[in-house]
Amino acid sequence: MSRSKRQVSVSRVIAAPPEKIFDVLADPSKHPIIDGSGTVKRARGSAPRRLELGSTFGMDMRMGVPYVIKNTVVEFEPNRLIAWRHLGRHRWRFELEPVEGGTRVTETFDWSTALAPWMIELVGYPKRHPANMLATLERLDAYVTTGEVPAS
């Protein structure tokens, strides 16, 4: 895990090509399958089948109580990089780098662009998210390599 000013990142090497991993990340309907936090429940009906720069997509969420979040893809390079943000303007970023044995996937929670970064820090998200992100990468690995995910 790495920490820099208002970013936390975790990485994992997955024994699959970047294209296969990116296909999962660029499909909002797959996000609940790979989510390690347990908060992403399902893509909203209007979500595109494949994300690209500028795409918007809604997700049904639950953190104590159900809610809906609308995301916008703000960084995009096919098979290498995808990031989205929502109303709070913080970002979830996935970077893919081919390496020996597969692809290094780095997930980053970046609140440097947030409207209220101090609030994100006050509620403790930067300290809580790395464990969830590690679980997401574990689930992504299992889904991409076996078609199954570990039980939550």
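Rules and cut-offs
Along each chain, residue indices are assigned from 1 in the same order as the chain's sequence is written. Whole-chain, interface and lining totals are the exception, using all residues; otherwise, since this is a predicted model, local features are given only for residues with pLDDT of at least 70 and side-chain atom pairs are given and counted only at 80 or more. Just so you know, side-chain values use all the structure's heavy atoms and leave hydrogens and water out. In this text, helices come from DSSP runs of H or I with a minimum length of four residues, and strands from runs of E with a minimum of two, each type numbered from the N-terminal end. Burial status follows relative accessibility: with a 1.4 Å probe on protein chains alone, a residue under 20% of its type maximum counts as buried, one over 50% as exposed, and anything between as partly exposed. Salt bridges, as used here, are contacts in which a Lys or Arg side-chain nitrogen is within 4 Å of a carboxyl oxygen on Asp or Glu.

Participant: Would you mind going over unusual backbone geometry in detail, with residue names and values included?
Facilitator: With a phi angle near 60°, R6 is a residue other than glycine that sits in the positive phi range. Secondary-structure assignment places R6 in the loop between β1 (2–4) and β2 (7–14). Since its relative accessible area comes to 27%, R6 is described here as partly exposed. In this structure, N79 takes a positive phi of about 65° despite not being glycine. Tracing the sequence through the fold places N79 in the loop between β5 (65–77) and β6 (81–85). Overall, N79 belongs to the partly exposed group, its relative accessible area being 21%.

Participant: Any chance you could break down the pattern of salt bridges for me, citing the residues and the numbers?
Facilitator: If you walk through the whole model with that rule in mind, you get 10 salt bridges. The partner of R44 in a salt bridge is D60, with the nearest N and O atoms 2.5 Å apart. Here D60 lies in strand β4 (residues 56–63) and R44 lies in the loop between β3 (40–43) and β4, a separation of 16 residues in the sequence. Given the relative accessible area of 32%, R44 is considered partly exposed. Taking the shortest distance from any N to any O, the salt bridge between R104 and E97 comes out at 3.2 Å.

In short, geometric facts, not functional conclusions.
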